[in-house]
Amino acid sequence: MKEIADETFFRYCVLTLIFSGPPTAVALKFLQAPYGKHNRSGWGPTLSPPLAWFLMESPTLWLTLLLFPFGRHSHNPKALLLFSPYLLHYFHRTIIYPLRLLRSSSSAKTGFPVSIAAMAFTFNLLNAYIQARYVSHYKNDYEDVVWFWLRFVIGTVVFVTGMWINITSDRTLVRLKKENRGGYVIPRGGLFEFVSCPNYFGEVVEWLGWAVMTWSWAGVGFFLYTCSNLVPRARASHVWYGDKFKDEYPKTRKAVIPFVF
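Small disclaimer: the values here were computed from a predicted structure and weren't measured.

A count of helical and extended segments in the chain gives 9 helices and 2 strands. Secondary structure of the chain in N-to-C order comes out as α-α-β-α-α-α-β-α-α-α-α. The C-alpha atoms of the chain give a radius of gyration of 19 Å, which matches the 18 Å a tight globule of 261 residues would have. In terms of its C-alpha atoms, the chain occupies a principal-axis envelope of roughly 60 × 40 × 35 Å. Taking contacts inside the chain between residues at least 6 apart in sequence as the whole, the part at least 24 apart equals 83%. Here the chain has roughly 13,400 Å² of accessible surface; of this, 69% comes from carbon and sulfur atoms. In the chain, which carries 27 positive and 15 negative side-chain charges, the distance between the mean positions of the two groups comes to 8 Å.

Here it is in structure tokens:
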């Protein structure tokens, strides 16, 4: 009975993740979360950005460590291997990225709204539960050796490619902001020559790889929500760059997907 209740709860959580994407995309078409270049007043108290990123991303690590050992596949080497890219991404996002912001003098000049951090924290609680519970307990095709390894290898290549794009692009943005004392300049080089937000493009590619690796509605739901969240923000950032730099901004750049959008 307890197992049935747990599975029902898990399925409702997955459905919540999947169906929260469209309203998120619609909302972000009209209202951008007020941090980074879209920072503005009127959203209540703020935290320093490094602390905000650490706190709101932290459930992806500590909740995983709490849940994973209770899954029936918790000692399966394939399950541990499968989950390692997810943990690698969030170790970077929770620990390394905030430290990089902390070293940048510009990070203290703008606050990160507590309200936005709280919403992100709530999402990460939900998503960490879904991904950790699926891989450690509900995934049932670990014994299908050929398909498991085929999906894992293809997905890993896609994931690592996206993570490399995401990290290198973020590093460029943090460096530019530090060099310009918190101000903004037109990013140049790499994928910045093709899109305004390669960091968002990289993260979308990452979670596409994760969806392939897990081959699950849990993974697909996360990928779709990532698109719903980051594509509208990339579009808004693209418009922001154009408004700020006018004719100086390259007209051939797309917002987030090279040559497409």
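Attention now goes to helix 9 (residues 217-245). Quick reminder: α-helices carry 3.6 residues per turn. Residues three or four places apart thus point the same way. Spanning 29 residues, helix 9 covers 41 Å between terminal C-alpha atoms, matching the ideal 42 Å at 1.5 Å per step. Positive phi shows up at K246, right after helix 9, with a value of about 55°.

With the exception of glycine, the majority of residues adopt a negative phi angle, and the majority of peptide bonds are in the trans configuration. Despite not being glycine, W215 shows a phi value in the positive range, around 50°. A positive phi is found at F259, a non-glycine position, where the angle reads about 70°. According to the relative accessible area criterion, F259 is exposed, its value standing at 67%.

Attention now moves to helix 3 (residues 49-57). All buried positions along helix 3 are accounted for by P49, P50, A52, W53, M56 and E57. The buried residues of helix 3 all sit within an arc of 165° when viewed along its axis, so they share a single face. At its buried positions, helix 3 is contacted by strand 1 (46-47), helix 4 (59-67), helix 5 (77-103), strand 2 (112-113) and helix 6 (114-138).

Attention shifts here to the state of the cysteines. Using the criterion set out here, one finds 0 disulfides in the structure. C227 supplies the cysteine sulfur nearest to C197, a cysteine that is in no disulfide, at a spacing of 14 Å. Judged by its relative accessible area of 3%, C197 falls in the buried class.

So, on to the packing of aromatic side chains. Within the structure shown, the criterion is met by 28 aromatic pairs. Taking 6.0 Å as the distance between ring centres and 5° as the angle between the ring planes, the aromatic pair formed by F148 and F152 counts as stacked. A residue pair is termed a helical-turn pair when its members lie 3 or 4 positions apart in one helix, as F148 and F152 do in helix 7 (residues 145-179) at 4 residues. Taken together, the ring pairs connect F68, F83, Y86, Y90, F123, F159, W207, W210, F222 and Y225 into an aromatic cluster. One Lys or Arg, K78, reaches over the ring of F148 and ends 5.5 Å from the middle of that ring. Positioned over the ring face of Y97 is R93, at 4.6 Å from the centre of the ring.

What counts, and where the lines are drawn
- Residues numbered from 1 in each chain as written.
- Predicted model: local features only at pLDDT ≥ 70, side-chain atom pairs only at ≥ 80, totals over all residues.
- Heavy atoms only, no water.
- Helix = DSSP H or I, 4+ residues; strand = E, 2+ residues; numbered from the N terminus.
- Rg over C-alpha atoms; globule rule 2.2 N^0.38 Å.
- Contact = heavy atoms within 4.5 Å.
- Areas by Shrake-Rupley, 256 points an atom, 1.4 Å probe, with all protein chains shown as cover.
- Lys, Arg positive; Asp, Glu negative; His and termini not counted.
- Charge placed at Lys NZ, Arg CZ, Asp CG, Glu CD.
- Expected span 1.5 Å × (residues − 1).
- Buried < 20%, exposed > 50% of the residue type's maximum accessible area, 1.4 Å probe, protein only.
- Arc of directions from axis to C-beta.
- Disulfide = S-S within 2.5 Å.
- Phe/Tyr/Trp six-rings, centres within 6.5 Å; stacked < 30°, edge-to-face > 60°.
- Lys NZ or Arg CZ within 6 Å of the ring centre and 35° of its normal.

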